[in-house]
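Results of the structural survey
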Amino acid sequence: MDKFIIHGGKKLKGSVKVSGAKNASLALMPATLVNNGINKLYNTPELNDVYTMLKLLSQMGVKYSFNNHLLELDTSSITSYEAPYEHVKKMRASIYVLGPLLARYGYAKVSMPGGCAWGPRPVNLHLMAMEKLGAEIQLDQGYIIARSNRLKGNYINFDIPSVGATGNTLMAAVLAKGNTIINNAACEPEITNLCNYLIKMGAKINGIGTSILEVEGVDELKPAEIETIPDRIEAGTLLIAGAITRGNIRVIGGVTHHLHSLLSKLEDSGCKLAYNKDYIEINAEDVEVSPVDVTTAVFPGFPTDMQAQWIAYMSLANGTSNVTDTIYTDRFNHVPELVRLGADIIVHENTARIVGVKRLTGAKVMSTDLRASASLVLAGLAAEGTTEVLRVYHIDRGYQKIEEKLKTLGADIERVEGSEY
Ligand code: EPZ
C-alpha cells in the first residue's frame, strides 16, 4: 500500500488544471447501458473508481477503449445483467447499473452495497423508486433482484434529495412507458451532466437543474457523446491547499457556479479570490485566517465532500469554528488523525468544534476514506516537519495523481510505493 511523505510549510504557488468529475463519470458510464452502440465520454478522469466501474461494465459485456481521457464504451453486446458483490463492495456507486439494466433489459441482479467507512448508507430510495416504476424487487442473499416487462412512468417523491437515487431513477424512467415526475430530486451538477447526456441519447427530460424533474419515457435511446464536467470537489480541495499553505494559486477549469458556497466561505475566512470562466485564483499570502462556521447541505449548499478539507483548514484559523454535517452525520473519521497532527477538535453528534492552533506538527496519520485522506494531505502540507499519510489508495479513488498536481504548485510531497501499512 502506497503512502505519501510530505515535508510541510511550503507556500503553494502557480497554476493547476482540474480533471473531469469522478461523481459525474460514475453516473455517465452506466448510463450507456440504456442504449446499444458506441458511446464517447470526453474528459473522463483516470481514477481508481473509474477503473472499478470499467471492470464492472466489462464483465457485463461492455467493450471499451480509454485514451487521453476519451472513454469509448460499446454497449452492443451485453451478456450479463449482474453486479457481483466483489465489485459492489469496492464501490457503492456500482448500484447505478440497477436503473439502466432494468429499463433496457427488464432484469437486474445487483449486490446490496454494504456499509461504508463512516456508517450506514441505505439504498431504500433507489428501491422505492424502481417499485414505483412498476418493477418487482426481491432481496435475496444480499442481492437486489429486479424484474419488469416494461417500466411505467409514475410520480416519485424523495424524502431526501438523494444524488444516487435521482440518477438511478432518471436512467430507468427515460425508457419507461409514459411520464415520470421526480419530486425533491437532487440538483447536483453531476445530475445535470447526466440529464444532458441522456437528452443527447434522445431522452425527454424537463426541469433540469431543479428539484422537480419530468421525464417523458421513449421506446429507444441511441449512443451519444458527452463532455464530463470538471470536478468541483477536486477544485475545492486544491483551493484549500492554496489557503492552508498561505499560498497564491490559480485553479484552471473549475466551474465557479459549482463552487459558490465554498468560495464565499473562503472569502469570509480572509482569502482574496479572483475568478472568471477559465480559472479561480486564491491568494492567502499574509492572511490571518478567520474562523468560519460551515453547515453542509445539498447543492448549491456547502458540499459534505468538502467538510473534512474545511476542518483541516479551520484547525489553523485564528479562533474557534463549528462544522456541522447534515448529510452524513457521522463523517468525522479524519478528526482523530488531524488531532494527531496537533489540531484541537472535539466532535459532538454531527458537529465538530475546531479551536484554531498556531501550528500543526508532522506525524504518521492513517487514511480512512477518500475525503478524509484529502484533509490529511492538506494538513500535512501546512504542518511543520514530516507527515506520513498512510493507505493513500483511498485518495487515489477520487483524485488523479494528486501528489503530481501539488508538486507543480511547489509542494514537497513524495509517493512511497508498497509501504508496510
Ligand atoms: C453521492 O453519494 C456522492 N457519490 C458522494 O460523494 C456524496 O457525498 C453524496 O452524493 C452527497 O453529496 C457519488 O456521486 C458516486 P446520496 P450518494 O444518495 O448518491 C441518504 C465522494 O466523496 N440516503 O445523495 O450515495 C444517505 O444515507 C462521495 O465523492 C438514504 O437514506 O449520496 C445520505 O445521508 C462520498 N436512502 C443522504 O441520503 C437512499 O436510498 C444523501 O445520500 C439514498 C440515500
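Small disclaimer: the values here were computed from a predicted structure and weren't measured. (Residues numbered from 1 in each chain as written. Predicted model: local features only at pLDDT ≥ 70, side-chain atom pairs only at ≥ 80, totals over all residues. Heavy atoms only, no water.)

**Description of the overall build of the protein chain**
When its secondary structure is counted, the protein chain shows 14 helices and 24 strands. Against the 2.2 N^0.38 benchmark of 22 Å for 421 residues, the protein chain shows a C-alpha radius of gyration of 21 Å, consistent with a compact globule. Dimensions of the protein chain, computed from the C-alpha atoms along their principal axes, are close to 65 × 40 × 40 Å. In the protein chain, which comprises 421 residues, the proportion classed as buried is 58%. Within the protein chain, counting contacts between residues at least 6 apart in sequence, those at least 24 apart form 74% of the total. For the protein chain, the distance from the average site of its 42 positive side-chain charges to the average site of its 45 negative ones is 2 Å. (Helix = DSSP H or I, 4+ residues; strand = E, 2+ residues; numbered from the N terminus. Rg over C-alpha atoms; globule rule 2.2 N^0.38 Å. Buried < 20%, exposed > 50% of the residue type's maximum accessible area, 1.4 Å probe, protein only. Contact = heavy atoms within 4.5 Å. Lys, Arg positive; Asp, Glu negative; His and termini not counted. Charge placed at Lys NZ, Arg CZ, Asp CG, Glu CD.)

**Examining the environment of glutamate 220**
Relative to the helices and strands, glutamate 220 is located in the loop between strand 13 (212–216) and strand 14 (225–227). Between the C-alpha atoms of glutamate 220 and aspartate 140, which are 80 residues apart in sequence, the distance is 31 Å.

**Quick look at the site of the ligand**
Near the ligand, the surroundings consist of 21 residues, among which Asn124, Ser162, Val163, Asp305 and Ile327 are the closest. Between the ligand and asparagine 23 there is a distance of 3.1 Å, counted from an oxygen atom to a side-chain nitrogen or oxygen. In this structure, asparagine 124 approaches the ligand through a side-chain N or O atom, which is 2.7 Å from a nitrogen atom. In isolation the ligand has 830 Å² of accessible area, and contact with the protein removes 85% of it. Secondary structure elements with two or more residues in the shell around the ligand: helix 1 (22–31), helix 5 (124–132), helix 6 (163–173) and helix 12 (370–382). Sorting elements by how many residues they give to the shell around the ligand places helix 5 first, with three residues. Tallied by class, residues from the shell around the ligand come to 10 nonpolar, six polar and five charged. (Near = heavy atom within 4 Å. Polar contact = N/O pair within 3.5 Å; in protein donor to acceptor, adjacent residues only side chain to side chain. Areas by Shrake-Rupley, 256 points an atom, 1.4 Å probe, with all protein chains shown as cover. Nonpolar A, V, L, I, M, F, W, Y, C, P; charged D, E, K, R; others polar.)

**A word on the sheet that holds strand 4 (residues 63–67)**
Adjacent strands of a sheet pair through backbone hydrogen bonds, lying either parallel or antiparallel. With mixed pairing, four strands are arranged side by side in an open sheet as 4-5-3-14. Every other strand in the sheet has two partners, leaving strand 4 and strand 14 as the edge strands with one partner each. Within the sheet, the average angular offset between the axes of one strand and its neighbour, ignoring direction, is 10 degrees. Here strand 3 (residues 38–42) pairs with strand 14 via three bridges, running parallel. Bridge assignment links tyrosine 42 to a residue of strand 14, and that residue is glutamate 227. (Pairing = 2+ DSSP bridges. Axes fitted to C-alpha atoms, helices over the stretch in contact; angles between N-to-C directions.)

**With respect to the domain arrangement of the protein chain**
In terms of domains, the protein chain is made up of domain 1 (3–19 + 230–416) and domain 2 (22–227). Taking only C-alpha atoms into account, the centre of domain 1 sits 31 Å from that of domain 2. With 22 residues of domain 1 in contact, the opposing surface of domain 2 contributes 21 residues. When the area that domain 1 buries against domain 2 is broken down by residue, the three leading residues are Phe299, Arg397 and Gln400, summing to 32%. Run the count over domain 1 and domain 2 and you get two salt bridges. Here glutamate 190 and arginine 232 are joined by a salt bridge, their closest N and O atoms 2.8 Å apart. Residue classes in the side of domain 1 that touches domain 2 are distributed as six nonpolar, six polar and 10 charged. (Domains from an automatic or database assignment. Buried area = accessible area lost by both parts, 1.4 Å probe. Salt bridge = Lys/Arg side-chain N within 4 Å of Asp/Glu carboxyl O.)

**Quick look at the packing of aromatic side chains**
Evaluated as defined, the whole model comprises four aromatic pairs. Seen from their ring centres, phenylalanine 302 and tryptophan 310 are 5.9 Å apart, and the 70 degrees between their planes marks the pair as edge-to-face. We note that phenylalanine 302, like tryptophan 310, is buried. Feature note: the residues Phe302, Trp310 and Tyr313 constitute an aromatic cluster, connected by ring pairs. Its guanidinium or amino end placed over the ring of tyrosine 143, lysine 109 lies 4.9 Å from that ring's centre, counting from NZ or CZ. Here the basic side chain of arginine 250 rests over the ring of tyrosine 279, its NZ or CZ set 3.6 Å away from the ring centre. (Phe/Tyr/Trp six-rings, centres within 6.5 Å; stacked < 30°, edge-to-face > 60°. Lys NZ or Arg CZ within 6 Å of the ring centre and 35° of its normal.)

**What about the pattern of salt bridges?**
Under the defined criterion, the tally for this structure stands at 18 salt bridges. For the salt bridge of lysine 13 with glutamate 285, the shortest nitrogen-to-oxygen distance reads 2.7 Å. In this pair, lysine 13 sits in strand 2 (residues 13–17) while glutamate 285 sits in the loop between strand 17 (279–283) and strand 18 (294–295), placing the two residues 272 residues apart along the sequence. Using a relative accessible area of 41% as the deciding quantity, one classes lysine 13 as partly exposed. The partly exposed category is assigned to glutamate 285, whose relative accessible area is 24%.

**Regarding the packing of helix 8 (residues 232–244) against helix 9 (residues 260–268)**
The N-to-C vectors of helix 8 and helix 9 enclose an angle of 10 degrees; their axes lie 11 Å apart at closest approach. Looking at the two axes, helix 8 sits roughly parallel to helix 9. Contacts between helix 8 and helix 9 involve Gly236, Leu239, Ile240 and Ala243 on the former and, on the latter, Leu262, Leu263 and Leu266. (Parallel < 35°, antiparallel > 145°, perpendicular 65-115°, else oblique.)

**Describing the UniProt feature "modified residue: 2-(S-cysteinyl)pyruvic acid O-phosphothioketal" (unreviewed entry) in the protein chain**
Mapped onto the present numbering, the UniProt feature "modified residue: 2-(S-cysteinyl)pyruvic acid O-phosphothioketal" (unreviewed entry) falls at Cys116. Inspection of the secondary structure puts cysteine 116 in the loop between strand 7 (107–111) and helix 5. The residues contacting cysteine 116, other than those within four sequence positions of it, are Arg92 and Arg121. (UniProt positions renumbered as here; feature names shortened; annotations may be inferred.)

**Digging into unusual backbone geometry**
At the junction of phenylalanine 299 and proline 300, the peptide bond is cis and its omega measures out at 5 degrees in the coordinates. Structurally, proline 300 can be placed in the loop between strand 18 and helix 10 (307–314). Even without being a glycine, histidine 69 presents a positive backbone phi close to 70 degrees. Along the chain, the position of histidine 69 falls in the loop between strand 4 and strand 5 (70–74). Phi at aspartate 286 takes a positive value of approximately 60 degrees, unusual for a residue other than glycine. Its location among the elements puts aspartate 286 in the loop between strand 17 and strand 18. For aspartate 286, a relative accessible area of 74% puts it in the exposed group.

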